[in-house]
Amino acid sequence: MKKIGILTGGADCPGLNSVIRAVVRKGMQEGYVVAGIKNGWLGLVENDMRILDIRQTSGILDKGGTILGTSRVNLLDQPDQIQQLSENYKRSGLDALIAVGGEETLKIALKLHQDGHIKVVGVPKSIDNALSGTDYAFGFDTAVNVATECIDRLHTTAESHHRIIVIEVMGRYTGWIALEAGIAGGADEILVPEIPTDLRKICEDVKARHRRGRNFSIIVVSEGASVFGYNKEAVPQGERRRFGYVGEIVAKMIEESTGFETRVSVLGHIQRGGTPTAYDRIIGTQFGVKAVDLIKQEKFGQMVSLRDGKLQSVDIAEAVLTRKKIDMELYELAKVFFAS
Ligand code: F6P
């Protein structure tokens, strides 16, 4: 019997358990033994894995997080750990591996595949929706829905108190969450990393709104938006830097410049925790089943991808080459409603 491993790496997100459940069900139907590797790549370095069957993967479809655990490790400059991982992969009798993750996880998968250490298939996960090579990475829909609900809630308090509320959402290098949740939540301004921020114009817009009697405003800001050099410093692809505080800066500047009372709300990890939406459960399930198909077809070095509504596969290399920037047509649409 052939043995496949599955690991979940990098940031957790809603939908990971849907993928794990689908891989186990489909894998067992195809005659594979499925091993769950704990805590991402670290589990393979430490040889921490256990066989998964229907029992352990029942009732997890709607659970957030990952039953396998995760870690953020960068093995790319750790030759000793790669060697250890490679030995464990062989020793544990794995024939192939499914790596579920975003840019960090898939970059490692690609390197290990190219250097002949493992046979791997990737599954795209990213609440930021920043992966290239696929129109969609699961987790994003849930994050947008959570952020939209928060914006709705903040709207009512902003309106009651005649305040400006700045809402900082996740999105380190791309502004997908801000853009989609901003449109859905009726934001008056949306700040994203892809577009330089003109705070003076935003303040003028807010003042004009107030003159028209709309004496509250909702400003949605990606954590990676660049304001007066803050966050501007380029971060090489694959490197991780902690973000935050840009919402505070924007709020302070708007309050100082307009004189209107301003509050800030940082949504943070609320966007990543908890129950996946129906869409993320369905896509996660489709991605998991497709990943097993790719293994069966020996399409190693490939990642499951959704393009124009159809499931397919692309080279992992294509997915990690560049980050998928926001759809500019959608941003132009959002602008129609700015400060109106
Ligand atoms: O990559 C997903 C993400 O949620 C980003 O949007 C965010 O900047 C980052 O992870 C936060 O990472 P951590 O949970 O390690 O603080």
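Everything numeric in this text was worked out from a predicted model, so none of it was measured. (Residues numbered from 1 in each chain as written. Predicted model: local features only at pLDDT ≥ 70, side-chain atom pairs only at ≥ 80, totals over all residues. Heavy atoms only, no water.)

S.K.: Quick rundown of the overall build of the chain? Include the residues and the values.
M.R.: Scanning the chain for helices and strands turns up 11 helices and 11 strands. Since a compact globule built from 340 residues should have a radius of gyration of about 20 Å, the 22 Å found for the chain is in line with a globular shape. For the chain, the spread of C-alpha atoms along the principal axes amounts to about 70 × 40 × 30 Å. Residue burial in the chain is summarised as follows: out of 340 residues, 55% are buried. Surface summary for the chain: the accessible area is close to 14500 Å², and the carbon and sulfur share equals 49%. Taking the 43 positively charged and 43 negatively charged side chains of the chain as two groups, their mean positions are separated by 3 Å. (Helix = DSSP H or I, 4+ residues; strand = E, 2+ residues; numbered from the N terminus. Rg over C-alpha atoms; globule rule 2.2 N^0.38 Å. Buried < 20%, exposed > 50% of the residue type's maximum accessible area, 1.4 Å probe, protein only. Areas by Shrake-Rupley, 256 points an atom, 1.4 Å probe, with all protein chains shown as cover. Lys, Arg positive; Asp, Glu negative; His and termini not counted. Charge placed at Lys NZ, Arg CZ, Asp CG, Glu CD.)

S.K.: Describe in detail unusual backbone geometry, supporting the description with residues and values.
M.R.: Even without being glycine, Asn39 reaches a positive phi, approximately 55°. Structurally, Asn39 can be placed in the loop between β2 (33-37) and α2 (41-45). Of note in the backbone geometry, Glu298 takes a positive phi value of approximately 55° without being a glycine.

S.K.: How would you explain the site of the ligand if you had to name every residue and give the values?
M.R.: Near the ligand you find 11 residues, and of these Arg72, Asp128, Arg172, Glu223 and His269 are the closest. A distance of 2.6 Å is found between an oxygen atom of the ligand and a side-chain nitrogen or oxygen belonging to Glu223. His269 places a polar side-chain atom, nitrogen or oxygen, 2.8 Å from an oxygen atom of the ligand. Considered on its own, the ligand offers 400 Å² of accessible surface; in the complex 83% of this is hidden by protein. When grouped by side-chain class, the residues that make up the shell around the ligand number 3 nonpolar, 2 polar and 6 charged. Each of domain 1 (3-139 + 276-319) and domain 2 (142-272) accounts for three or more of the residues forming the shell around the ligand. (Near = heavy atom within 4 Å. Polar contact = N/O pair within 3.5 Å; in protein donor to acceptor, adjacent residues only side chain to side chain. Nonpolar A, V, L, I, M, F, W, Y, C, P; charged D, E, K, R; others polar. Domains from an automatic or database assignment.)

S.K.: How would you sum up the domain arrangement of the chain? Please name residues and give values.
M.R.: Accessible area lost on assembly of the parts is the figure often given for the size of an interface. By domain assignment, the chain separates into domain 1 (3-139 + 276-319) and domain 2 (142-272). Between the C-alpha centres of domain 1 and domain 2 the distance comes to 33 Å. With both sides pooled, the region where domain 1 packs onto domain 2 buries about 1400 Å², and carbon together with sulfur makes up 47% of that total. The tally of links between domain 1 and domain 2 comes to 2 salt bridges. Linking domain 1 with domain 2 are 6 residue pairs in polar contact (both at pLDDT 80 or more). (Buried area = accessible area lost by both parts, 1.4 Å probe. Salt bridge = Lys/Arg side-chain N within 4 Å of Asp/Glu carboxyl O.)

S.K.: An account of helix α9 (residues 278-296) is requested, with residue identities and associated values reported.
M.R.: Residue pairs spaced three or four apart in an α-helix point in one direction, given the helix's 3.6 residues per turn. Over its 19 residues, α9 extends 27 Å from the first C-alpha to the last, a length consistent with the 27 Å expected when each residue adds 1.5 Å. Along α9, the positions that sit buried rather than exposed are Asp280, Ile283, Gly284, Phe287, Gly288, Lys290, Ala291, Val292, Leu294 and Ile295. (Expected span 1.5 Å × (residues − 1).)

S.K.: So what's going on with the sheet that holds strand β9 (residues 262-266)? Which residues, and what values?
M.R.: Sheet strands associate in pairs through backbone hydrogen bonding, adopting either a parallel or an antiparallel arrangement. Read from one edge to the other, the open sheet built from 4 strands follows the order β7-β8-β6-β9, with strand pairing classed as parallel. Taken across any chain shown, the strands that pair with only one partner, and hence form the sheet edges, are β7 (189-191) and β9. Going across the sheet, the axis of each strand differs from the next one's by a mean of 20°, ignoring polarity. Lying on the sheet, helix α5 (residues 140-161) is in contact with β6 (164-169), β8 (217-222) and β9; it crosses β6 at an angle near 165°. (Pairing = 2+ DSSP bridges. Axes fitted to C-alpha atoms, helices over the stretch in contact; angles between N-to-C directions. Contact = heavy atoms within 4.5 Å.)

S.K.: Lay out the packing of α5 against helix α6 (residues 176-184) with the relevant residues and their values.
M.R.: Running from amino to carboxyl end, α5 crosses α6 at an angle of 50°, the nearest separation of the two axes being 8 Å. Relative to α6, α5 is oriented oblique. In this structure, α5 crosses over α6, and the sense of that crossing is right-handed. On α6, the residues touching Phe140, Ala143, Val144, Ala147, Thr148 and Ile151 of α5 are Trp176, Ile177, Glu180, Ala181, Gly182 and Ala184. Looking at side-chain class alone, the contact of α5 with α6 contains 9 nonpolar, 2 polar and 1 charged residues. (Parallel < 35°, antiparallel > 145°, perpendicular 65-115°, else oblique. Left-handed = near helix turned anticlockwise from the far one by under 90°.)

S.K.: So what about the packing of helix α7 (residues 199-211) against helix α8 (residues 246-258)? Which residues, and what values?
M.R.: α8 packs onto α7 with a crossing angle of 55° between their chain directions and a minimal axis gap of 10 Å. In this view, α7 runs oblique relative to α8, as classed from their interaxial angle. α7 and α8 meet at a crossing whose hand is right-handed. For the pair α7 and α8, the contacting residues are Leu199, Ile202, Cys203, Val206 and Lys207 in the first and Val250, Met253, Ile254, Ser257 and Thr258 in the second. Class assignment for the residues of the contact of α7 with α8 results in 7 nonpolar, 2 polar and 1 charged.

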